[in-house]
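# Survey of secondary and tertiary structure
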Amino acid sequence: MSKPARGARGVGLALLAGALSMALTGPALAAPEGSPVRDGARDAFWLGDFAALEKQYAPLRQGGNYTIDGKLELDLFREGLAAVFDHNAMPNEPYVREVDELTLQWAKEHPQSALAHTLHARALLRHAWSYRGNGYAGDVTPEAMREFERYLRSAMDYLKDHADVALHDSYAHLTLLDIGKAYGLSQKQMEAIAENGLKQNPRDAILYFSVVGRLLPKWGGDAKTLDRYIRHATAQTQAQYGTGLYAWLYSTVAKEQYGHALFDASLADWPTMKQGFDDLMARFPDSVMRRNRYAYFACRARDKPVLQAQLGLLAGKLDVKEWGDNGERSLEGCQRWASES
């Protein structure tokens, strides 16, 4: 495949050539719950318009505004980029190779851009995972595992080599955490990376989520260590969320590992989690997603008064996606229990 042409629009056309000749608005690139921030980042990246990306990124780099769910616009911007990185092109190798070349060209043309360097590191990380896949390690061939490790090292080495520029931006630290999780970095190393990233952007709470993912038992962590870190992160984000990050993080780890058994298998404390949800709802009262999660966890904690109150506030706005595995049946059971005298 030919090298990308010089210039923003020429680079974009390189991505659209050959194996990439699908429509811009194809389903794999469609962003759920349309957001101008998310869609703008996705479209500029897809078209190879780095100038547009940098322009959009500048006011968001320290966070931007909050959405009704309490997410930062910065996170929406990253989701737009992820839609391009994770696009399921077939065959995959020509696509990920083009993205490698595109982002490397941007980094060479903009050597003082932290975003450009971070995007290239993320491209190499995505290339690594194209070999690894999402299954069990034992299902990966030795040849594919070697390529996974090679690209993983390349991503880590690239950020180290450009640390003087890249690490002034917390997005680079988030990328290091994603690399480190695959690399098997220790908890102490992961926490140090997150803390350094928070020095660059104290509002970038997603860094805490990345560390928490590493502390899950399925990644070699344990419930006690996980709880300690969640409480630490909650204390660090009082100004932003009150105790809300406690509820948010435990809600996330329930999705990633514990499921309906959160209060049995982890050290999640319902009174603290309830206060966390109250703090989140006080700050983001229009979040239907968070109110659904609040009601769901009240049911799991067997707190009928809170469940009844939240169900009443959710009249006509129930979302089974927020009620755990087999959410339709989970919601059905909780509603039945709430209606019992």
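Everything quoted here is computed from the prediction, not taken from an experiment. (Residues numbered from 1 in each chain as written. Predicted model: local features only at pLDDT ≥ 70, side-chain atom pairs only at ≥ 80, totals over all residues. Heavy atoms only, no water.)

In this section: the packing of aromatic side chains. Under the definition given, this model contains 21 aromatic pairs. Aromatic pair tyrosine 57 and phenylalanine 77: ring centres 5.0 Å apart, planes at 25°, arrangement stacked. Residue tyrosine 57 is located in helix 3 (residues 50-57), and its partner phenylalanine 77 is located in helix 4 (residues 73-85); the two are separated by 20 residues in the primary sequence. Of the two residues examined, tyrosine 57 and phenylalanine 77, each falls in the buried class. (Phe/Tyr/Trp six-rings, centres within 6.5 Å; stacked < 30°, edge-to-face > 60°. Helix = DSSP H or I, 4+ residues; strand = E, 2+ residues; numbered from the N terminus. Buried < 20%, exposed > 50% of the residue type's maximum accessible area, 1.4 Å probe, protein only.)

Let us now look at the state of the cysteines. For the structure on display, the rule yields one disulfide. Paired by a disulfide, cysteine 299 and cysteine 334 hold their sulfur atoms 2.1 Å apart. Judged by the torsion about the S-S bond (-95°), the cysteine 299/cysteine 334 disulfide is left-handed. Pair noted here: cysteine 299 is in helix 17 (residues 288-300) and cysteine 334 is in helix 19 (residues 327-339), with a separation of 35 residues, a long-range link. Note on cysteine 299: relative accessible area 1%, which makes it buried. Taking relative accessible area as the criterion, cysteine 334 reaches 1% and is therefore assigned buried. (Disulfide = S-S within 2.5 Å.)

For the rest of this paragraph, the subject is unusual backbone geometry. Look at the link from methionine 90 to proline 91: it is a cis peptide, with omega at 0°. Phi is positive for arginine 302, close to 60°, though the residue is something other than glycine. Mapped onto the secondary structure, arginine 302 falls in the loop between helix 17 and helix 18 (304-313). Exposure remark for arginine 302: the relative accessible area of 46% places this residue in the partly exposed category. The phi dihedral of asparagine 326 is positive, around 55°, even though this residue is not glycine. The topology assignment puts asparagine 326 in the loop between helix 18 and helix 19.

Before going further, it helps to spend a moment on the environment of alanine 89. Topologically, alanine 89 is positioned in the loop between helix 4 and helix 5 (92-109). Taking the C-alpha atoms as reference, alanine 89 lies 30 Å from lysine 160; in sequence the two are 71 residues apart.

Helix length check: helix 6 (residues 114-132) (19 residues) gives 27 Å between terminal C-alpha atoms against 27 Å at 1.5 Å per residue, within 8%. The buried fraction of helix 6 amounts to 16 of the 19 residues, a majority that puts the element mostly inside the structure. Where helix 6 terminates, the next one or two residues include glycine 133, which has phi positive at roughly 70°. (Expected span 1.5 Å × (residues − 1).)

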